[in-house]
Amino acid sequence: MSVTEETIHLEQNYVVQTYARPPFVLARGEGMTLYDTAGRAYKDWVAGIAVNALGYGDAGIAQAIQDALNSGIIHLSNLYHSAPHARLAKHLVEKSFADRVFFCNSGTEANEGAIKFARRTAYNQGAAHKVQLVTFSDAFHGRTLGSLSLTPKEKYQKPFHPLLPHVLVGEYNSVASAERLITEDTCAVILEPIQGEGGIHPATPEFLQAVRALCDQHGAVLIFDEVQCGMGRTGTLWAHEAAGVTPDIMTIAKPLAAGLPIGAILTTQHIADQLHVGDHGTTFGGGLLVTSVAQHVLERVSQPEFLAHVREVGAYLQERLAELNSPLVKEVRGRGLMVGLELTEPVDRFVKAGYQYGLLLVNAGTHVIRLVPPLIAEKHDVDDLVDKLAQMLASA
Ligand SMILES: *Cc1c(COP(=O)(O)O)cnc(C)c1O
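Here's what I pulled together on the structure shown here. (Residues numbered from 1 in each chain as written. Predicted model: local features only at pLDDT ≥ 70, side-chain atom pairs only at ≥ 80, totals over all residues. Heavy atoms only, no water.)

### Thoughts on the side chain of S292
Inspection of the secondary structure puts S292 in helix 11 (residues 288–301). Apart from residues lying up to four places away in sequence, S292 is in contact with A64, A68 and P84. (Helix = DSSP H or I, 4+ residues; strand = E, 2+ residues; numbered from the N terminus. Contact = heavy atoms within 4.5 Å.)

Written as structure tokens, this is what we have:
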């Protein structure tokens, strides 16, 4: 049996079947390209779902991992001080609206923590009525029960009821809807400045400004989930910068350590002041190895030239996609290297067809091809993608 056959056989017989994986096994990567066990190359427009910001085989990442390992320590727990942990917190604060950081291990965990921070804030005010959580249509905040409660998608939620109570679902980008739902009873409002999973929908600046004003008016905590759109993906370090609106809490994760598991909750001093020793915790969160690597990633990704590259290649991507001359194309939208190509029909068969063309693609919702490549993608990668998409759409 080949490694390919063996791997697929083992996956199908021993792994819980919550994913439908394609029939090849990826084994090696370099730059924008992954290779399967048969040696076939795939240009990667998925990047481990917006995670592998610096692509594959990056020498700087390898060095950061090696340097961290030289200490001989992989894990310490949060009981003790750790220099990389403290340093990364300082750098995240310096490069954002935030005053304080709490580290965890994933996006969903960051959102769970954000909900607890908001709850603690309302509790300290003695505001027993302040329990409502407001989320918006097509949001995705994660798979654990708190975050899942804020992810209003029936397919994800229905088999797992009962979920958190007091969750209200507004219409994304509708100021009127936000005005109706955000009141004195609102504990927190959560939204993605650009929705990922739900279909690459950017929030309008007016919507973000209105939600910010409503949260201020009613003393609600505003949480921006930048797990997917943050860390340079949209051509600014944080996606919300484009609208000039800042949250009280921002959650980040996916690309923060370019592939190692990490999440972070960035918050204002006021909210940090609501939390005391023992209020929240994590065994693994903010470990030495992951925070060392994240520090390296943050330094690279926040360079003005790096962000300018994302904006330039991202603009070129949208421009080239807009030239696709096919009746199947409905809309191209997004910002930086977070772009959605909406088709008039479900995209699964194009994701599958992509494999034959040596392309890794992923959907966002049913009708959108989500393009979230490594941020090191170049214009010639865009040309390669658009040529192949043109062929795929023409032969559909
Ligand atoms: C992926 C994602 C999450 C969940 O992150 P995990 O690390 O998978 O738990 C939360 N919010 C957004 C916007 C995401 O894209």
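### Let's talk about the site of the ligand
In the vicinity of the ligand, the residues found are S106, G107, T108, N111, F140, H141, G142, E192, D225, V227, Q228 and K254. Within the side chain of D225, a nitrogen or oxygen atom sits 2.7 Å from a nitrogen atom of the ligand. Here the ligand has 380 Å² of accessible area as a free molecule, and 82% of this is covered by the chains. Ranked by the residues each element gives to the shell around the ligand, the list is headed by helix 5 (residues 107–124), at three residues. (Near = heavy atom within 4 Å. Polar contact = N/O pair within 3.5 Å; in protein donor to acceptor, adjacent residues only side chain to side chain. Areas by Shrake-Rupley, 256 points an atom, 1.4 Å probe, with all protein chains shown as cover.)

### Here we look at the sheet that holds strand 12 (residues 263–267)
Here seven strands make up an open sheet; going across it, the order is 4-12-11-10-7-5-6 and the pairing mixed. Of all strands in the sheet, those with a lone pairing partner are strand 4 (100–104) and strand 6 (167–170), marking the two edges. The mean angle between the axes of side-by-side strands here comes to 20 degrees, regardless of whether they run parallel or antiparallel. Bridging between strand 5 (residues 132–136) and strand 7 (residues 186–191) involves three bridges; their strand directions are parallel. Note that in strand 7 the partner of V134 across the bridge is V189. (Pairing = 2+ DSSP bridges. Axes fitted to C-alpha atoms, helices over the stretch in contact; angles between N-to-C directions.)

### Looking at unusual backbone geometry
Between H161 and P162 the backbone carries a cis peptide bond, its omega angle lying at 0 degrees. By the secondary structure assignment, P162 is in the loop between helix 7 (154–157) and strand 6. In this structure, I49 takes a positive phi of about 65 degrees despite not being glycine. Along the polypeptide, I49 turns up in helix 2 (residues 47–50). On the basis of relative accessible area, I49 is assigned to the partly exposed category, the value being 34%. Residues other than glycine seldom take positive phi values, yet A50 does so here, at roughly 60 degrees. Tracing the backbone through its elements, the reader meets A50 in helix 2. Overall, the relative accessible area of 0% leaves A50 in the buried class. (Buried < 20%, exposed > 50% of the residue type's maximum accessible area, 1.4 Å probe, protein only.)

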